[in-house]
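Coordinates in review
As a plain string of letters, each chain reads:
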Amino acid sequence: MFEADAIAHVADQLFAAIENSDTSAVARLWSDDIAVWRIGASRDRDKARALRVIDWFIDATSERRYQILDRQLFDDGFVQQHILHAVGRAGASIAMRVCIVIKLGANGLISRIDEYFDPADLAPLLS
């Protein structure tokens, strides 16, 4: 079990790191054995593969901002609903609604991420 302030701090650090293009900070927040799943995936991703997705997203966008709609803490993590606003390198923008469940391991690092969103919302960044 973690204190609510500690869980909220990890959450704030994670989303700030992505907004600020700081992939090394993201990597430091994730445990080495993290499992990352997103809707539509047939299996969990490991740390290296999930970090490549974060790298792609940061490279594909010039601006990123999380509009937090709701965040509920539980003993070892949190559930958050947000709208991810981003502008692609070619000028296209997205406003993608996401629900994410994040669990912390005993070491206080993120050990599991389950992410729910409509993959079609990313299409403007792919063209």
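To keep things clear, this report deals only with the structure shown in the data block. Just so it is clear, the model here is predicted, and its values are computed rather than measured.

A few points about the layout of surface pockets
For the largest pocket, the calculated volume is near 520 Å³. Lining the largest pocket we find 23 residues, and of these V53, I54, F57, E115 and F117 sit closest to its centre. Mapped by element, the contributors of at least two residues to the lining of the largest pocket are α1 (4-19), β1 (30-38), α3 (47-60), β3 (77-88), β4 (93-104) and β5 (110-116). Sorting elements by how many residues they give to the lining of the largest pocket places α3 first, with five residues. Grouping the constituent residues of the lining of the largest pocket by class yields 19 nonpolar, one polar and three charged.

Some remarks on unusual backbone geometry
Of note, S21 is a non-glycine position whose phi angle comes to about 60°, a positive value. Positionally, S21 belongs in the loop between α1 and α2 (23-29).

Description of the nonpolar core
Counting 34 residues, the largest nonpolar core has L14, W30, I102, I110 and I113 as its most contacted members. Broken down by element, the residue count for this core peaks at seven residues, all from α1. Among residues more than four places away in sequence, those in contact with I102 are L14, F15, F74, D76, G77, F78, I110, R112 and I113.

Looking at the pairing of strand β2 (residues 61-74)
Bridge count between β2 and β3: twelve bridges; the pairing is antiparallel. Across the sheet, E63 pairs through a bridge with V87, a residue of β3. Linking two consecutive strands that pair antiparallel, namely β2 and β3, is a turn of two residues.

Scoring rules and cut-offs
Residues numbered from 1 in each chain as written. Predicted model: local features only at pLDDT ≥ 70, side-chain atom pairs only at ≥ 80, totals over all residues. Heavy atoms only, no water. 1 Å grid on protein atoms, 1.4 Å probe; cavity = no way out; pocket = protein on both sides within 12 Å on 5 of 7 lines; lining within 4 Å. Points joined across faces, edges and corners; volume = space filled by probe spheres on them. Helix = DSSP H or I, 4+ residues; strand = E, 2+ residues; numbered from the N terminus. Nonpolar A, V, L, I, M, F, W, Y, C, P; charged D, E, K, R; others polar. Core = buried A, V, L, I, M, F, W, Y, C linked by side-chain atoms within 4.5 Å. Buried < 20%, exposed > 50% of the residue type's maximum accessible area, 1.4 Å probe, protein only. Contact = heavy atoms within 4.5 Å. Pairing = 2+ DSSP bridges.

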